[in-house]
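In case you want the letters, here they are:
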Amino acid sequence: MSIRVQTAPFDPGAELNAVHAGELGVGAVVTFTGYVRDINQDAAIEELFLEHFPGMTEKALAKIRDEALQRWPLIGAHILHRVGPLSLAEPIVFVATSSMHRSAAFAACEFIMDYLKTRAPFWKKEHTTTGSHWVDGRDSDTLAAARWEAADKETR
Amino acid sequence: MSIRVQTAPFDPGAELNAVHAGELGVGAVVTFTGYVRDINQDAAIEELFLEHFPGMTEKALAKIRDEALQRWPLIGAHILHRVGPLSLAEPIVFVATSSMHRSAAFAACEFIMDYLKTRAPFWKKEHTTTGSHWVDGRDSDTLAAARWEAADKETR
Amino acid sequence: MLTVQFLARYRESLQCESEQLPWQEQWQTVDDVRQFLIARSGPWTVLEDPRIMCARNQDVCSLQEPLQAGDELALFPMVTGG
Amino acid sequence: MLTVQFLARYRESLQCESEQLPWQEQWQTVDDVRQFLIARSGPWTVLEDPRIMCARNQDVCSLQEPLQAGDELALFPMVTGG
């Protein structure tokens, strides 16, 4: 049930294996790994910087994790997010959910990512050969998160 | 874009890392790993045996993979399934999907699992201290696969 | 000629992995062949399983799938992989 | 007193990370404080951003969230993690 925010790189494969090693009775593990793209429209990107809001970040992630645990019968839910400077192709974020049956693990993993993308205080800044700029938020992420609230109202 | 059916054990973490290592431009990788449960209602289970239909298995998996590639803009889709004798807690199945954006990878990974569970020729037999029995198919899996066909009709 | 394969639980119940049947003109669908086999009674009634699945030439199909001489038919219980 | 923190792009535009504001009785919601800051004009109009987000005492909230003296308010652009 870990929440980790760290500047050090991590190994998604080792994280996946640790989920199963740490939990008895797990039948299904779903993972999401987000990477810094290694090819992009703007080929001049040299590095990505992830700013966050230290006082709030882990608290915001724990709140998202706890909401997933309330909605689905999970055995575990884990969130790991890099901050600081990241190189191309490095993993940025890793989310893993485990459950007895797969549908809960799939839904919870996607829910956590949709909420993380719209509610967790991280901001990406791209460093290119011609300067730096902040990455714009995407309306598609707002819509993805809103789907869960609509689904919630329907079933009440 | 691999399809593998094998008796040898595999390492889900190494498989996850290989997906990203093998594909340029990947932003998102979703994985599903199914394990032999290490605790069960029937504590007497000693081993699981996976029978398959050798002439058809890889063809059936490739067909499911190809249908996912038609439905969603994926960079890659990989399916790995064990056959033969399996010990408790060993991984049985690994599915990974990669894409530029996460929603396609999530949907395709769940679709592949729902179709694999209802259309790929594998049968589980549990060996217990008191004898062996074939595992029953689950109606919940049939319903999960049917959802995709209903969704398909709605959008046409 | 029609080749019929039996898998998993069916293979065990029938103690038969595969059988070559001389082609019969009245067979139109998978279900016709299944009914022919069930009519043998005894262990063959296992094929009355309402969740029976089938594949024609190694593609999963329905019991209403048309058959022709030379096909390879597989009959098997609901799959339980993954 | 109200502590206001500015993050990411806003912090850079305002060249200000955090500010202590003497509490004003007419402030009821986050948006009242935001309008007070925008009224300073110049770089502060960055807070007119229609996608602005905010957190009260480190919980994401809406611009209509009630505030009281002693709160910690954070104003930040749409998040882009993950």
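Cut-offs applied
- Residues numbered from 1 in each chain as written.
- Chains lettered and ligands numbered in written order.
- Predicted model: local features only at pLDDT ≥ 70, side-chain atom pairs only at ≥ 80, totals over all residues.
- Heavy atoms only, no water.
- Helix = DSSP H or I, 4+ residues; strand = E, 2+ residues; numbered from the N terminus.
- Contact = heavy atoms within 4.5 Å.
- Core = buried A, V, L, I, M, F, W, Y, C linked by side-chain atoms within 4.5 Å.
- Buried < 20%, exposed > 50% of the residue type's maximum accessible area, 1.4 Å probe, protein only.
- Pairing = 2+ DSSP bridges.
- pLDDT = per-residue confidence, 0-100.
- Phe/Tyr/Trp six-rings, centres within 6.5 Å; stacked < 30°, edge-to-face > 60°.
- Lys NZ or Arg CZ within 6 Å of the ring centre and 35° of its normal.
- Axes fitted to C-alpha atoms, helices over the stretch in contact; angles between N-to-C directions.
- Parallel < 35°, antiparallel > 145°, perpendicular 65-115°, else oblique.
- Left-handed = near helix turned anticlockwise from the far one by under 90°.
- Salt bridge = Lys/Arg side-chain N within 4 Å of Asp/Glu carboxyl O.
- Least-squares fit on C-alpha atoms with pLDDT ≥ 70 in both.

Asks: Looking at this structure, I do not really get the environment of glutamate 90 of chain B. What am I missing?
Replies: Here glutamate 90 of chain B is to be found in the loop between β5 (84-86) and β6 (91-99). Those residues in contact with glutamate 90 of chain B that sit more than four places away from it in its chain are Pro9, Gly34, Tyr35, Val36 and Arg82 of chain B.

Asks: Just checking my understanding: could you explain the nonpolar core for this structure?
Replies: One recurring pattern in soluble globular proteins: nonpolar side chains tend to sit buried together. Counting 72 residues, the largest nonpolar core has Trp72 of chain A together with Phe32 and Trp72 of chain B as the members making the most contacts within it. Once residues within four sequence positions are removed from consideration, tryptophan 72 of chain B is found in contact with Ala104, Ala107, Ala108, Phe111 and Trp148 of chain B.

Asks: So what exactly am I meant to see when it comes to the pairing of strand β7 (residues 122-128) of chain A here?
Replies: The two faces of the sheet receive side chains in turn, since in a regular strand these alternate between them. Residue and element names in this part refer to chain A. For β7, the tally of buried residues reaches six of seven residues, placing the bulk of the element in the interior. Sheet analysis places strand β3 (residues 45-52) next to β7, joined by seven bridges and oriented antiparallel. The residue bridging phenylalanine 49 from the neighbouring strand is lysine 125, located in β7. As paired elements, β7 and strand β8 (residues 131-134) share four bridges and run antiparallel to each other. In the strand pairing of β8, threonine 128 is matched with glycine 131. Where β7 folds back on β8, the antiparallel hairpin that results is connected by two residues.

Asks: It is not clear to me how the confidence of the model for chain A should be interpreted in this structure. Could you clarify?
Replies: It should be kept in mind that the predicted coordinates are not to be read in detail where pLDDT is low. In this model, chain A carries an average pLDDT of 91, and 94% of its residues clear a pLDDT of 70 or more. Across chain A, the secondary-structure element scoring lowest on mean pLDDT is helix α4 (residues 139-154) of chain A, at 85, and the one scoring highest is strand β1 (residues 3-6) of chain A, at 98.

Asks: Which parts of the structure should I look at to understand the packing of aromatic side chains?
Replies: Given two aromatic rings, their pairing is described by the distance between the two centres and the angle made by the two planes. A full pass over the atoms with the stated rule returns 18 aromatic pairs over all chains. Here the aromatic rings of tryptophan 72 of chain A and tryptophan 148 of chain A are separated by 5.5 Å at their centres, their planes lie at 85°, and the arrangement is edge-to-face. Of this pair, tryptophan 72 of chain A sits in the loop between α2 (54-71) and β4 (76-82) while tryptophan 148 of chain A sits in helix α4, placing them 76 residues apart in sequence. Of the two residues examined, tryptophan 72 of chain A and tryptophan 148 of chain A, each falls in the buried class. One aromatic cluster in this structure is built from Trp72, Phe111, Tyr115 and Trp148 of chain A. Here arginine 40 of chain C stacks its cationic end above the ring of tryptophan 44 of chain C, 4.5 Å away from the centre of that ring.

Asks: Help me out: how do you make sense of the packing of helix α1 (residues 12-21) of chain A against helix α1 (residues 12-21) of chain B in this one?
Replies: Each pair of packed helices gets described by two things: the angle between the helix axes and the distance between those axes. Close contact between α1 of chain A and α1 of chain B brings their axes to 7 Å; oriented N to C, the two are set at 150°. Our classification of the angle between α1 of chain A and α1 of chain B gives roughly antiparallel. Note that α1 of chain A runs across α1 of chain B; the crossing there is right-handed. Only Pro12, Gly13, Leu16 and Asn17 of chain B of α1 of chain B make contact with α1 of chain A, whose side of the interface consists of Pro12, Gly13, Leu16 and Asn17 of chain A.

Asks: Whenever I open this one, the sheet that holds β8 of chain A confuses me. Can you help?
Replies: Sheet strands pair via backbone hydrogen bonds, and the direction of the pair is either parallel or antiparallel. Residue and element names in this part refer to chain A. Strands sit in the order β5-β3-β7-β8 across an open sheet of four strands; the sheet is antiparallel. Only two strands of the sheet have a single partner each, and these edge strands are β5 (84-86) and β8. Put simply, the sheet's adjacent strands are angled 25° from each other on average, direction ignored.

Asks: How should I be thinking about the pattern of salt bridges in this particular structure?
Replies: Charged atoms that come close allow side chains of opposite charge to pair. For the structure shown, the criterion picks out 38 salt bridges over all chains. Between aspartate 49 of chain C and arginine 9 of chain C there is a salt bridge, and its shortest N-O distance comes to 3.2 Å. Within this pair, whereas aspartate 49 of chain C is found in the loop between α2 (30-38) and β3 (53-56), its partner arginine 9 of chain C is found in helix α1 (residues 8-14), the two being separated by 40 residues in sequence. Judged by its relative accessible area of 13%, aspartate 49 of chain C is buried. One salt bridge in this structure joins glutamate 19 of chain C and arginine 40 of chain C, with 2.7 Å as the shortest N-O distance. Here the residue glutamate 19 of chain C occupies a position in strand β2 (residues 18-21), and arginine 40 of chain C occupies one in the loop between α2 and β3, the gap between them amounting to 21 residues. Residues joined in a network through salt bridges with shared partners are Arg102 of chain A together with Glu110, Asp114, Arg138, Asp141 and Arg147 of chain B.

Asks: What should I look at first to understand the relation of the copies chain B and chain A in this one?
Replies: Overlaying chain B on chain A yields an RMSD of 0.0 Å, the required transformation being a rotation through 180° with an accompanying axial translation of 0.0 Å. Here the copies are linked by what is in effect a two-fold axis. It is glycine 13 of chain B whose C-alpha, among those of chain B, lies nearest the rotation axis, at 1.7 Å. Mapped onto chain A, 100% of the interface residues of chain B again fall at the interface, so both copies present the same surface.

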